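Coordinates in review
Next come the chains, spelled out residue by residue.
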Amino acid sequence: TINLVANKTYDGTTNISGSQLTLTGVTVNGTVQTLSYSGAIANSSNVSTANKYLTTITLLNATDGSGGLASNYILPSLSVANANNAVTINPKTVALSASMTYSGDINLSGAVRITTGVVINGLEQTLTYTGALASDANVLTSNKFISALTLANGSGYASNYRLPTLNVANAPVT
């Protein structure tokens, strides 16, 4: 039985491709062979779904000259997560920026722009937020940044995303 281990960053799809999937247990008489694959699909695209696994995959013969023949291998169960079929989806880092008018405090309510970069059905997923604060309230202070923020659900689930390091490069305030 071949082992399927997938690992990718959240992109809103259940598709697994390229180096996102590692096939192990592909050996003949102790010699490692490789296989290719196509059509790999996970049971969920969401980070918070427990016990994710591949529901569909087609094994293909090796294309690198190693001699791996797909017909020599058995797939693990594609109906439940198990030690031979596991998928990990990691949160995607959002982009942040804010623009504020001087008010004397550091509250950024309504001033933060969150960019997810994930487009589903032609629309970019959105998130909302709470508790957004600037590092400084003064106009003349340079290099201000978002110093605190909690992501919340919008059209996308907050659990599929993570904040960048909160600094002037990743979360500027103008």
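Since the model is a prediction, treat every value here as computed from it, not as a measurement. Along every chain, residues carry numbers that run from 1 in the direction the sequence is written. Side-chain atom pairs in this predicted model are given and counted only at pLDDT of 80 or more, local residue features only at pLDDT of at least 70, and totals for whole chains, interfaces and linings cover all residues. Where side-chain values are given, they derive from all heavy atoms of the structure, hydrogens and water being excluded.

**Remarks on the overall build of the protein**
- Elements are defined by DSSP. Helices are runs of H or I of four residues or more, strands are runs of E of two residues or more, and each kind is numbered from the N terminus. Each helix and strand in the protein was counted, giving zero helices and 16 strands.
- Along the longest, intermediate and shortest principal axes, the C-alpha atoms of the protein span 70 × 30 × 30 Å.
- In what follows, a contact means two residues having at least one pair of non-hydrogen atoms within 4.5 Å. The contacts in the protein between residues at least 6 apart in sequence include a share of 58% that link residues at least 24 apart.
- Counting only carbon and sulfur atoms, one obtains 51% of the accessible surface of the protein, whose full area is about 9,200 Å². Residue burial considers only the protein chains on display, and all accessible areas are found by Shrake-Rupley using a 1.4 Å probe.

**What about the packing of aromatic side chains?**
- Stacked, tilted and edge-to-face pairs are distinguished by plane angle, under 30 degrees for stacked and over 60 for edge-to-face with tilted covering the rest, among Phe, Tyr and Trp rings (Trp via its six-membered ring) whose centres lie within 6.5 Å. One pass over the full model with this rule turns up one aromatic pair.
- Measuring from ring centre to ring centre gives 5.4 Å for tyrosine 10 and tyrosine 161, while their planes differ by 75°; the resulting arrangement is edge-to-face. Residue tyrosine 10 is found in the loop between β1 (3–9) and β2 (15–16), and its partner tyrosine 161 is found in strand β16 (residues 161–162); the two are separated by 151 residues along the sequence. The pair tyrosine 10 / tyrosine 161 is uniform in exposure class, with both members buried. Only protein chains enter the accessibility calculation, which uses a 1.4 Å probe; a residue whose area is less than 20% of its type maximum is buried, one above 50% is exposed, and one in between is partly exposed.

**Digging into the sheet that holds β2**
- Strands sit in the order β2-β6-β7 across an open sheet of three strands; the sheet is antiparallel. With one partner strand each, in any of the chains shown, β2 and β7 (54–60) form the two edges of the open sheet.
- Two strands are said to pair when DSSP picks up at least two bridges between them. With five bridges joining them, strand β6 (residues 36–42) and β7 adopt antiparallel strand pairing. Residue pairing in the sheet places alanine 42 in a bridge with leucine 54 of β7.

**Some remarks on the environment of leucine 166**
- Within the secondary structure, leucine 166 is located in the segment after β16.
- As a C-alpha pair, leucine 166 and leucine 60 span 106 residues in sequence and 44 Å in three-dimensional space.
- With residues near it in sequence (within four places) discarded, leucine 166 still touches Leu96, Phe145, Ile146, Ser147, Ala148, Leu149 and Ala171.

**A short note on the sheet that holds β1**
- One open sheet accounts for three strands, arranged β3-β1-β8; its pairing is mixed. What marks the edges here is a single partner per strand, and that holds for β3 (21–24) and β8 (85–90). Neighbour-to-neighbour, the strand axes of the sheet open up by a mean angle of 10°, direction not taken into account.
- One ladder, built from six bridges, connects β1 with β8; its direction is parallel. Its bridge partner being in β8, alanine 6 is matched across the sheet by valine 87. All axes are obtained by fitting lines to C-alpha atoms, using only the stretch in contact for helices, and the reported angles, taken between N-to-C directions, cover 0 to 180 degrees.

**Side note on the side chain of glutamine 33**
- One can find glutamine 33 in the loop between β5 (31–32) and β6.
- Look at glutamine 33 and you get buried, because its relative accessible area is 13%.
- Here a polar contact is taken to be a pair of N or O atoms separated by no more than 3.5 Å, where protein atoms must pair a possible hydrogen donor with a possible acceptor and residues adjacent in sequence count only if both atoms sit in side chains. A distance of 3.2 Å separates a polar atom in the side chain of glutamine 33 from a polar atom in the side chain of tyrosine 73.
- If we ignore the near neighbours within four places in the chain, the residues touching glutamine 33 are Val26, Thr27, Val28, Ser66, Gly67, Gly68, Leu69 and Tyr73.

**Some details on the nonpolar core**
- The nonpolar core is taken to be a set of buried Ala, Val, Leu, Ile, Met, Phe, Trp, Tyr and Cys residues, with the residues joined through side-chain atoms within 4.5 Å. Ile16, Leu21, Leu23, Leu108, Val112 and Ile146 are the most contacted members of the largest nonpolar core, which totals 40 residues.
- The biggest single contributor to this core is strand β14 (residues 127–134), with four residues.
- Not counting chain neighbours up to four residues away, the residues in contact with leucine 23 comprise Ile2, Asn3, Leu4, Leu35, Ser36, Tyr37 and Leu59.

**What to know about the environment of glycine 156**
- Assignment of secondary structure puts glycine 156 in the loop between β15 (146–153) and β16.
- Expressed as a C-alpha distance, the spacing of glycine 156 and valine 168, which sit twelve residues apart in the sequence, is 25 Å.
- With residues near it in sequence (within four places) discarded, glycine 156 still touches Gln125, Thr126 and Leu127.

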